[in-house]
Amino acid sequence: DGIQITPGLTNIQINGCIFRGKFSNAIKLGSGVTNSLITNNIITQSVVGIKEEFNATSNTYSGNTISNSGTAMQLEGKQGTVISSTIRQNTLGIVTGTNPSGVTATTPNAVCSSGMATNYCPPFQAYPIFCSQPQSGQIYTIQSNTITNNDKGILVWALDTQILSNTINGNQVGIEANGIYV
């Protein structure tokens, strides 16, 4: 990782840094990091540009430019804001929440369906067990960003995400909002 913010720290500021290269995470905010401000950074060619772990809270990402990375931002905390940033030429742009394909009953804070048989058509059919982390990536505001030429611009696996006044151009998928099971 380029910079790791230790779990539980508060009011950290990372401003005006340049990260180039194959970092796993150029900037990583650990679980419980709160009220931090990540601004005006330039990140290129990272696996993940900015990674926010589960239970990080109320962090703001403003004026960052993230390009040519696997995932620009992976936000699994809650109540954060992404504003006035440029996200371009990444596989995934801004991702809120956790893709449930990697969540199992043994994942911390996971909620799973029962997979029990039902009386619906066809009767008494067992259904697969689906799991999700409903608190992951919850209550984000993604506003006034420029999101261009990504495979997927904004990918939501979370509850209560607000997507406001963004410029979204040239992505294979501009916004993909997915259902999660709670």
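Above this text is the structure in question.
Residues numbered from 1 in each chain as written. Predicted model: local features only at pLDDT ≥ 70, side-chain atom pairs only at ≥ 80, totals over all residues. Heavy atoms only, no water.

**Some points on the pattern of salt bridges**
Then comes step 1: Counted under the stated rule, the structure contains 3 salt bridges.
Then comes step 2: The shortest N-O distance in the salt bridge between Glu176 and Lys152 comes to 2.8 Å. Of this pair, Glu176 sits in strand 21 (residues 173–177) while Lys152 sits in strand 18 (residues 152–157), and the two are 24 residues apart along the sequence.
Then comes step 3: Since its relative accessible area comes to 26%, Lys152 is described here as partly exposed. (Salt bridge = Lys/Arg side-chain N within 4 Å of Asp/Glu carboxyl O. Helix = DSSP H or I, 4+ residues; strand = E, 2+ residues; numbered from the N terminus. Buried < 20%, exposed > 50% of the residue type's maximum accessible area, 1.4 Å probe, protein only.)

**Notes on the side chain of Asn150**
Then comes step 1: With respect to the helices, strands and loops of the structure, Asn150 is situated in the loop between strand 17 (146–148) and strand 18.
Then comes step 2: Every residue in contact with Asn150, bar those within four places of it in the chain, is listed here: Ile87, Arg88, Gln89, Asn90, Thr91, Gly93, Gly170, Asn171 and Gln172. (Contact = heavy atoms within 4.5 Å.)

**As for the sheet that holds strand 1 (residues 3–5)**
Then comes step 1: Read across the open sheet, the 7 strands follow the order 1-4-7-10-13-18-21; overall the sheet is parallel. For this open sheet the edge positions go to strand 1 and strand 21, each flanked by a neighbour on one side alone. Ignoring strand direction, the axes of neighbouring strands in this sheet form an average angle of 5 degrees.
Then comes step 2: Where strand 4 (residues 25–29) lies against strand 7 (residues 48–52), 4 bridges are found, and the strand directions are parallel. Within strand 7, the residue paired with Lys28 across the bridge is Lys51. (Pairing = 2+ DSSP bridges. Axes fitted to C-alpha atoms, helices over the stretch in contact; angles between N-to-C directions.)

**Concerning the packing of aromatic side chains**
Then comes step 1: By the definition in use, this model includes 1 aromatic pair.
Then comes step 2: When the ring of Phe19 is compared with that of Phe23, the centres are 6.2 Å apart and the planes differ by 80 degrees; the resulting orientation is edge-to-face. (Phe/Tyr/Trp six-rings, centres within 6.5 Å; stacked < 30°, edge-to-face > 60°.)

**Notes on the nonpolar core**
Then comes step 1: Counting 24 residues, the largest nonpolar core has Ile27, Leu29, Ile38, Ile50, Tyr61, Met73 and Ile94 as its most contacted members.
Then comes step 2: Contacts of Ile50, omitting those with residues within four sequence positions, involve Ile27, Leu29, Ile38, Ile43, Tyr61, Asn64, Ile66, Ala72, Met73 and Gln74. (Core = buried A, V, L, I, M, F, W, Y, C linked by side-chain atoms within 4.5 Å.)

**Quick notes on the sheet that holds strand 6 (residues 42–44)**
Then comes step 1: In spatial order, the strands read 3-6-9-12-17-20; together these 6 strands make up an open sheet with parallel pairing. Taken across any chain shown, the strands that pair with only one partner, and hence form the sheet edges, are strand 3 (18–20) and strand 20 (167–169). Taking the axes of each pair of neighbouring strands and ignoring which way they run, one obtains an average angle of 5 degrees across the sheet.
Then comes step 2: When strand 9 (residues 65–67) meets strand 12 (residues 86–88), the two strands line up parallel, connected through 3 bridges. Bridging across to strand 12, Thr65 finds its partner in Thr86.

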